[in-house]
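Understanding the architecture of this molecule
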Amino acid sequence: MSQHDLVQSTNGDITSMKYNGVEAQDQTKYSQLSSGLGSASCSWVQTGNSNNYIKITCTTSTLTQYYVAQYKTPAIHMGTYTTAEPSVGELRFIARLARSTMTTGITAADVNGGTAIEGSDVYLVNGQTRSKFYSSVQFINDAVHGVTGSGIGAYMIVASGGYEASSGGPFFRDIDNQGSAQQELYFCEFPNFFCSASNALMNSGHTQTQDYRQGFHGPYALWFTTGSAPSASIDLTFWSGLGTVSGFVAVGGRGYVKGTASGIPSAYASDTTIGWSNSVAQYWTKASSGSFTSPPMIPGTYTMTLYKGELEVGTGSVTVSAGTTVTSNIADSNADDSTTYIWQVGEFDGRPTGFLNADMIQTMHPSDSRMHSWGPVTYTVGSQAIGYFPMAIFQAIGSVTMRFALQSGQGGARTLKIATTLAFAGARPVISVNSAWTSATPAIPDQPDSRGVTRGTYRGNNIAYTYSIPSGILYTGSTVNVIVISAASGSSGDTYLSPNIVFDAIALY
């Protein structure tokens, strides 16, 4: 950065990024926060260990953007400090790279030359649906993502703790890449469902399940290589020696939580996550043989959450102090893990894994020709694999019908449980049983007010509904029972934008 006029002093735009003499920056659109700060006051200083760092600080009334160059390191380190939701829109850093240099991104997000089929963000390209949303990866698994070209690669690294001031929790996902006339690489800092381009999203508003957080977002880095992905384990201790960095809390000013997670079914022993959150920060880690230690956390009182897969199965409260490690154990208290069901379709784990089209929904639109028919579907419990049961129902397409037989002694008054992970346009499940009884319509669910499955996600708020089926309604013996599940809503829409529900699991007890 010291050899080139990389950052415009009047607005903080990055205008040039050269690696091994190759210009990576697009020259028609620059790299910047959102679509640009408009105007900002920028200054620079040589600082840090042996003056081996250049720190550029760009300031507006509610936001400070930091760019840091490290001697002999092919990276631009960054951090973003906010005191209010910025007026520039969704908070995200977008590296707009030259398509001629960075030729290869994420195929499902390459919309170049496509025709828009939903809004201005889902396209049809050579017979396949594409969208920037289909590049998203859950935060817990998204430490490194990037694009490449001949002898060059550019990667966004969001190392441990880099999402602490973002929103949404460990399973939130947001845009990583969009291939258009530019190759866009993102870090979304305010994720509120999905942002746009190849950016880093801090707070974006795409299927947002939490309020935005302010403060220091990051650190994160745009790292250049000869093509292969860099390690996510980068040394960020230098940030504490850069002088004033608003909102940054060094490791010495943080604390830890350790403990044991118990009660999780053995099938989820390697799929157990512990999360911590409050209005200031969020963190998470995986349990190993039930034991866990948190990342370094900003002092404060946190809600601690235990996840089986992606389902919340236990909560607690813990207070973290600087320079200390507190022990706080947590247990699975979810009734699903101690209930015996007559039958069950799917697993109560906060995701539609195994259901029809669930393996494709994150990388293509429901209308894609590669998808299986959404129905209406009739499913026979006990004789069909769960892959025949749809992961979602759409009001405009129709209901799902479940057929099953009950043995003697399994009749009488029973309860049907339907667990959901997301709903659109106020949809909630209503059931009818044997054309003899219909449930009441549940209250409108607390779900994000934005598109979901058409944008490649099943993640919203996990909501379970129970329906008390009166005695005398269900048959026993050879007579088949029929339950019809429909999406009820006061709203309407066309096909895949009609009110819809995503299933987690369904069970009778």
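Report on the accompanying structure. (Residues numbered from 1 in each chain as written. Predicted model: local features only at pLDDT ≥ 70, side-chain atom pairs only at ≥ 80, totals over all residues. Heavy atoms only, no water.)

Each helix and strand in the protein was counted, giving zero helices and 37 strands. In terms of overall size, the protein behaves like a compact globule, its C-alpha atoms giving a radius of gyration of 25 Å where 509 residues would be expected to give roughly 23 Å. By its C-alpha atoms, the protein is 80 × 55 × 40 Å across when sized along the principal axes. When each of the 509 residues of the protein is scored for burial, the buried share is 57%. For the protein, the proportion of contacts with a sequence separation of at least 24, taken over those separated by at least 6, is 68%. On the protein, roughly 19500 Å² of surface is accessible, and the fraction owed to carbon and sulfur atoms is 46%. Taking the average place of the 24 positive charges on the side chains of the protein and the average place of its 31 negative ones, the gap between the two points comes to 2 Å. (Helix = DSSP H or I, 4+ residues; strand = E, 2+ residues; numbered from the N terminus. Rg over C-alpha atoms; globule rule 2.2 N^0.38 Å. Buried < 20%, exposed > 50% of the residue type's maximum accessible area, 1.4 Å probe, protein only. Contact = heavy atoms within 4.5 Å. Areas by Shrake-Rupley, 256 points an atom, 1.4 Å probe, with all protein chains shown as cover. Lys, Arg positive; Asp, Glu negative; His and termini not counted. Charge placed at Lys NZ, Arg CZ, Asp CG, Glu CD.)

We now examine the nonpolar core. Core analysis: the largest hydrophobic core is formed by 46 residues, its most contacted members being Met-391 and Leu-416. A total of five residues in this core trace back to one element, the largest contributor, which is strand 37 (residues 500–508). (Core = buried A, V, L, I, M, F, W, Y, C linked by side-chain atoms within 4.5 Å.)

Now for the state of the cysteines. A covalent bond between the sulfur atoms of two cysteines is referred to as a disulfide. This structure, assessed with the given rule, holds one disulfide. For Cys-42, the disulfide goes to Cys-58, at an S-S distance of 2.3 Å. Handedness here is read from the sign of the S-S torsion; for Cys-42 and Cys-58, about 115°, the answer is right-handed. You can see Cys-42 sitting in strand 4 (residues 41–47) and its partner Cys-58 sitting in strand 5 (residues 53–59), a full 16 residues away along the chain. On the basis of relative accessibility, which here comes to 0%, the residue Cys-58 falls in the buried class. (Disulfide = S-S within 2.5 Å.)

Once that is clear, we can look at the sheet that holds strand 34 (residues 437–438). Read across the sheet, five strands follow the order 29-31-36-33-34 without closing on themselves; strand pairing throughout is mixed. Each having just a single partner strand, strand 29 (377–380) and strand 34 make up the two edges of the open sheet. As judged from the four bridges shared by strand 29 and strand 31 (residues 400–404), these two strands associate in the parallel manner. When the sheet's bridge partners are listed, Thr-380 is paired in strand 31 with Arg-403. (Pairing = 2+ DSSP bridges.)

On to the pattern of salt bridges. Within the structure shown, the criterion is met by 15 salt bridges. Between Glu-118 and Arg-451 there is a salt bridge; the shortest N-O distance is 2.7 Å. Placement of Glu-118 in strand 9 (residues 115–118) and of Arg-451 in the loop between strand 34 and strand 35 (463–469) is noted, with a sequence separation of 333 residues between them. Taking the relative accessible area as the measure of exposure, Arg-451 reaches 16% and is therefore buried. For the salt bridge of Asp-336 with Lys-417, the shortest nitrogen-to-oxygen distance reads 2.5 Å. Residue Asp-336 is located in the loop between strand 27 (330–331) and strand 28 (343–345), and its partner Lys-417 is located in strand 32 (residues 414–424); the two are separated by 81 residues in the primary sequence. (Salt bridge = Lys/Arg side-chain N within 4 Å of Asp/Glu carboxyl O.)

A few words on the pairing of strand 17 (residues 182–189). With eight of eight residues buried, strand 17 lies mostly within the body of the structure. Residues Gln-182, Glu-184, Tyr-186 and Cys-188 point to one face of strand 17 and Gln-183, Leu-185, Phe-187 and Glu-189 to the other, with burial holding for every one of them. Pairing geometry for strand 8 (residues 91–98) and strand 17, over seven bridges, is antiparallel. If you follow Ala-95 over to strand 17, its bridge partner there is Leu-185. Between the antiparallel neighbours strand 16 (residues 177–179) and strand 17 lie two residues.

Spatially, 9-10-11 is the arrangement adopted by the three strands of the open sheet, whose pairing is antiparallel. The open sheet has two edge strands with one neighbour each: strand 9 and strand 11 (128–131). Each adjacent strand pair in this sheet contributes to an overall mean axis angle of 45°, direction not counted. Note: strand 10 (residues 122–125) against strand 11, four bridges, orientation antiparallel. Counterpart to Val-125 in the pairing with strand 11 is Gln-128. (Axes fitted to C-alpha atoms, helices over the stretch in contact; angles between N-to-C directions.)

Our next topic: unusual backbone geometry. A cis geometry characterises the amide bond from Gly-218 onward to Pro-219, with omega recorded as 0°. For the bond running from Gly-375 to Pro-376, omega is 10°, close enough to zero to count as cis. Despite not being glycine, Ser-289 has its phi angle at roughly 55°, a positive value. Owing to a relative accessible area of 76%, Ser-289 belongs among the exposed residues under this scheme. A positive phi angle is found at Asn-357, which is not glycine, with a value near 75°.

This brings us to the layout of surface pockets. Rolled over the atoms, a probe as big as a water molecule pinpoints where empty space is left. In this structure, the largest pocket spans a volume of roughly 710 Å³. At the level of secondary structure, the elements contributing two or more residues to the lining of the largest pocket comprise strand 19 (215–225) and strand 22 (282–286). For the lining of the largest pocket, the element with the highest residue contribution is strand 22, accounting for five residues. Each residue belonging to the lining of the largest pocket can be placed in one class, and the counts come to 19 nonpolar, 11 polar and five charged. (1 Å grid on protein atoms, 1.4 Å probe; cavity = no way out; pocket = protein on both sides within 12 Å on 5 of 7 lines; lining within 4 Å. Points joined across faces, edges and corners; volume = space filled by probe spheres on them. Nonpolar A, V, L, I, M, F, W, Y, C, P; charged D, E, K, R; others polar.)

Our next topic: the side chain of Gln-282. As for its position among the elements, Gln-282 is in strand 22. The exposure class assigned to Gln-282 is buried, which follows from its relative accessible area of 2%. Among the polar contacts made by the side chain of Gln-282, one reaches the side chain of Arg-213 at a distance of 3.5 Å. (Polar contact = N/O pair within 3.5 Å; in protein donor to acceptor, adjacent residues only side chain to side chain.)

Because side chains alternate across strand 20 (residues 256–262), one face comprises the buried residues Val-257, Gly-259 and Ala-261, and the other comprises Tyr-256, Lys-258, Thr-260 and Ser-262, none of which is buried. Bridge count between strand 20 and strand 26 (residues 325–327): three bridges; the pairing is parallel. The partner of Lys-258 across the bridge, within strand 26, is Thr-327. Summarising the sheet, strand 20 and strand 23 (residues 291–293) pair through three bridges and their orientation is antiparallel. Along strand 23, the bridge assignment pairs Lys-258 with Thr-293. Note that strand 20 and strand 27 share two bridges and pair parallel.

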